Amino acid sequence: MSDAVIAAKPADKVETPFRRFVSEFAESKVALGGLVVFVIIALLAIFAPWITPQNPYDLAELDIMDGRMEPGTVGGAGFTYWLGTDDQGRDMLSGIIYGLRISLTVGAGSALIACLIGASLGLLAAYAGGRTDSVIMRLVDLQLSFPTILAALMILAFLGKGIMNVVIALVLVEWAYYARTVRGTALVERRREYIEAAQCLALPTHRVLFRHLLPNCLPPLIVVGTMQVARAIALEATLSFLGLGVPITEPSLGLLIANGYEYMLSGKYWISFYPGIALLITIVSINLVGDQLRDVLNPRLKK
Amino acid sequence: MTVYLVRRILQALLVVLAMSLIVFIGVYAIGDPVEILISPDADQIERERAVQALGLDLPLWQQYAVFLTKALQGDLGRSFVYNEPALKLILQRMPATMELAFGATILALIIGLPLGLYAGLRPDGRFSRMIMAGSILGFSLPTFWVGLMLIMVFAVYLGWLPSTGRGETGTLLGMQWSFLTWDGLRHMAMPAINLSLFKISLVIRLTRAGVRETMLMDYVKFARAKGLSPARVTFVHVFKNILIPVVTVVGLELGSTIAFSVVTESVFAWPGMGKLIIDSINVLDRPVIVAYLMLIVLMFIAINLIVDLTYSMLDPRVRLESKGT
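Throughout what follows, the structure given in this document is the object of discussion. The structure displayed is predicted, hence computed values, not measured ones.

Rules of the game
- Residues numbered from 1 in each chain as written.
- Chains lettered and ligands numbered in written order.
- Predicted model: local features only at pLDDT ≥ 70, side-chain atom pairs only at ≥ 80, totals over all residues.
- Heavy atoms only, no water.
- Helix = DSSP H or I, 4+ residues; strand = E, 2+ residues; numbered from the N terminus.
- Buried < 20%, exposed > 50% of the residue type's maximum accessible area, 1.4 Å probe, protein only.
- Contact = heavy atoms within 4.5 Å.
- Phe/Tyr/Trp six-rings, centres within 6.5 Å; stacked < 30°, edge-to-face > 60°.
- Lys NZ or Arg CZ within 6 Å of the ring centre and 35° of its normal.
- Salt bridge = Lys/Arg side-chain N within 4 Å of Asp/Glu carboxyl O.
- Buried area = accessible area lost by both parts, 1.4 Å probe.
- Polar contact = N/O pair within 3.5 Å; in protein donor to acceptor, adjacent residues only side chain to side chain.
- Nonpolar A, V, L, I, M, F, W, Y, C, P; charged D, E, K, R; others polar.
- Core = buried A, V, L, I, M, F, W, Y, C linked by side-chain atoms within 4.5 Å.
- Axes fitted to C-alpha atoms, helices over the stretch in contact; angles between N-to-C directions.
- Left-handed = near helix turned anticlockwise from the far one by under 90°.

Moving on: the overall build of chain A. When you go through chain A residue by residue, the secondary structure sums to 12 helices and two strands. Going from N to C terminus, chain A has its helices and strands arranged as α-α-α-α-β-β-α-α-α-α-α-α-α-α. Looking at chain A as a whole, 50% of its 303 residues qualify as buried. Once local pairs closer than 6 in sequence are excluded, the contacts in chain A between residues at least 24 apart make up 69%.

This next bit is on the packing of aromatic side chains. Scanning all chains against the criterion turns up five aromatic pairs over all chains. Considering the side-chain rings of F241 of chain A and F144 of chain B, the 4.6 Å spacing of their centres and the 25° angle between planes classify their relative orientation as stacked. In this pair, F241 of chain A is assigned in helix α10 (residues 205-241) and F144 of chain B in helix α7 (residues 143-157), connecting two distinct chains. Exposure remark for F241 of chain A: the relative accessible area of 9% places this residue in the buried category. A relative accessible area of 0% places F144 of chain B in the buried class. Taken together, the aromatic side chains of F273 and Y274 of chain A together with W145 of chain B make up a single cluster linked through ring pairs. Seen from the ring of Y98 of chain A, R101 of chain A lies directly overhead, with NZ or CZ sitting 5.6 Å from the centre. The side chain of R190 of chain A reaches across the aromatic face of Y127 of chain A, ending 5.4 Å from its centre.

Here the focus is unusual backbone geometry. In this model, A202 of chain A sits at a positive phi of 60°, which is unusual for a non-glycine residue. Following the sequence through the fold, A202 of chain A ends up in the loop between α9 (193-200) and α10. According to the relative accessible area criterion, A202 of chain A is exposed, its value standing at 61%. A positive phi angle, close to 50°, is found at A269 of chain B, a residue other than glycine. Looking at where A269 of chain B falls in the secondary structure, it is placed in the loop between α10 (230-268) and α11 (273-282). Residue classification places A269 of chain B among the partly exposed positions, given a relative accessible area of 30%.

Under the counting rule described, the total for this entry stands at eight salt bridges over all chains. A salt bridge links E84 of chain B to K88 of chain B, with the shortest nitrogen-to-oxygen separation between them at 3.0 Å. Owing to a relative accessible area of 41%, K88 of chain B belongs among the partly exposed residues under this scheme. Residues K275 of chain B and D279 of chain B are paired through a salt bridge, measuring 3.6 Å at the closest nitrogen-oxygen approach. Of the two residues, K275 of chain B and D279 of chain B both sit in helix α11, four residues apart, roughly one turn of that helix. Residue K275 of chain B is classed as partly exposed on the basis of its relative accessible area, which comes to 25%. It is possible to trace a salt-bridge network through shared partners that takes in D291 and R294 of chain A together with R205 of chain B.

Right, let's get into the environment of D183 of chain B. Following the sequence through the fold, D183 of chain B ends up in helix α8 (residues 182-215). Look at D183 of chain B and you get partly exposed, because its relative accessible area is 27%.

Residue-level contacts link 40 residues of chain A with 45 residues of chain B. In this assembly, chain A packs against chain B so that about 3600 Å² is buried in total across both faces, 78% of it on carbon and sulfur atoms. In this structure, the connection of chain A to chain B is made through one salt bridge. Inspection of the chain A/chain B interface yields two residue pairs in polar contact (both at pLDDT 80 or more). Going through the elements one at a time, α6 (130-144), α7 (148-159), α10, α11 (253-264) and α12 (270-297) of chain A are the ones with two or more residues in the side of chain A that touches chain B. Ranked by residue count, the leading element in the side of chain A that touches chain B is α12 of chain A, at 13 residues. In terms of residue class, the side of chain A that touches chain B is made up of 26 nonpolar, nine polar and five charged.

Let's shift gears to the nonpolar core. L153 of chain A together with F144 and Y292 of chain B are the most contacted members of the largest nonpolar core, which has 134 residues in total. If one sorts the elements of this core by residue count, α10 of chain A sits on top with 16 residues. The residues contacting L153 of chain A, other than those within four sequence positions of it, are L239, L242 and L244 of chain A together with V262, I278 and I281 of chain B. Formed by 19 residues, the second largest nonpolar core is a distinct cluster that contains A108, L117, F239 and I242 of chain B.

Looking now at α11 of chain B. Residues and elements named next belong to chain B. Taken across its 10 residues, α11 has seven buried, putting it largely inside the fold. Three or more residues of α11 are buried, namely M273, G274, L276, I277, I278, S280 and I281. Phi for L284, located one or two positions after α11, is positive at around 55°.

Okay, the packing of helix α5 (residues 86-121) of chain B against α10 of chain B next. Residues and elements named next belong to chain B. Direction vectors running N to C along α5 and α10 enclose 145°, while the axes themselves pass 9 Å from each other. Along this stretch, α5 crosses α10, giving a crossing that reads as right-handed. The residues of α10 that touch α5, namely those facing T97, M98, L100, A101, F102, A104, T105, L109, L113, L117 and L121, are T234, F235, F239, I242, V246, V250, L254, T257, I258, S261, T264 and E265. Partitioned by chemical class, the residues of the contact of α5 with α10 number 16 nonpolar, six polar and one charged.

Residues and elements named next belong to chain B. On the secondary structure map, M130 appears in helix α6 (residues 126-140). Here M130 falls in the exposed class, since its relative accessible area comes to 53%. On a C-alpha basis, the gap between M130 and F260 in space is 27 Å, while along the polypeptide they are 130 residues apart.

We now examine the side chain of S252 of chain A. All names here are of chain A. Tracing the backbone through its elements, the reader meets S252 in the loop between α10 and α11. Relative accessible area serves as the criterion here: at 0%, S252 is assigned to the buried category. Excluding its chain neighbours within four sequence positions, the residues that come into contact with S252 are G99, I102, S103, E236, S240 and V246.

So, in structure tokens, the structure goes:
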């Protein structure tokens, strides 16, 4: 696609597909902002132990006397609770940053595993065709006809709580999106001449699949992948909110929000409010990036 | 068309059967309902009697066979907790969920279609950008958190709307409906808005994307070149074509709205099927979980079928294709 465009328009500056992609992405300031915010969030999560004033998982550091303090109060440990504390005296700011860690890990991890499984199956379906294709696609249809929240709920009802089970549930819920996307693109791509050429050279199947076919299916896969990370994070939060997700000892953002539910009715809004804002910013920034990626990578919208 | 219909229905039945097996095994193969349902003080004989009464002493495949035969007779087991037929329990709560889902869908269409059309026709306008930013927000906001915030603002601080429950209900066709009374509507407002936010964004985006792609099509250019009025081009040539994906998705979404009402119902303590299923999962009330799932699967397959048929009516190409195969 991009090769043809470059050949047709000899640029004075060397225009690689990547540079072209970057400059098109940067056309939207909002998307660029989203990217910056997301990078900051990711950095916060990675360096959490060096940033937060408190380790929210270390019960020895928590002071129950500081429970449910308003934002801005100075606690017994000598530092200010900028975002208040929850019922156990946990500093909300620390809790949120650590919660981000769990949410991001679970979200990105499950999206990555789902992507590996889904993309491989999608490629296989498109390349093998016939019965393999119809079996895989039936599975995809079955999975997609079932709403994600429900499928995830059921899997967790079967397996029980825990971070690993949440990841398994998310992977099982999401692989089908990748499979469908990759198959759709691969079906078109595999009829192109370069695949025929590769096959004529008698290259081994795996090489044709992964070196020739897969790279050309990447654009839609990247878009779906970005959106799915955001969805995975939201879904994990929802599951945790319903009490079926991560354990109470290491709360993710969703569980932090759930903890604040009962206090909200008595006006102690901050226990639910701030983790929600953090969740919101994370998801919005990822979606903004994904949205622009979709516009840039969709050849049908090219002027 | 008839062959197509028969084949689709057979396919659907097969899916129902497969799902029943998956659900049954998934739900019955884990945990031990005896531990949960029978009081720890019960002696051995009481235990055994209870196990027998619940049919939990049979091998798994026999339990499944019994389950399947009974399911065909409309009996999906008795709830361990309420000691009532599981199906009846769910059907009792169905109207509450249904009115919530339909309310949300109607809201989504009324708000989403015009906004999406506008944003698609003027993709660079300021108002369009605002709409799109709003739709990203609607996609990104986790439903449960929005629900909490709605409660915080409208119930706790402003005190305008009640935060939980269904309120007063009116009777129609022998069922209780909240939308028939003013008090019920007030109770329904927040949950319905909460449930519809995601769908509004979806409809806006689908409509906008559809309009943008359709506007580039040759037949639209031709219609313009013919000198048709912009209104005619927009509403006849463009709008009709984008209705296809929108109808499909909204139809399919009805099922997932019903499923997603699990979250909304939990937040607003709305006594529908979703609330029931969460409670049932927490106490491992298996017959209710199984019955709920089977019902939802049936509903989904029915919705899929209806959408497919509507689709083939709206788009002749689909009809021709299905005749060919």
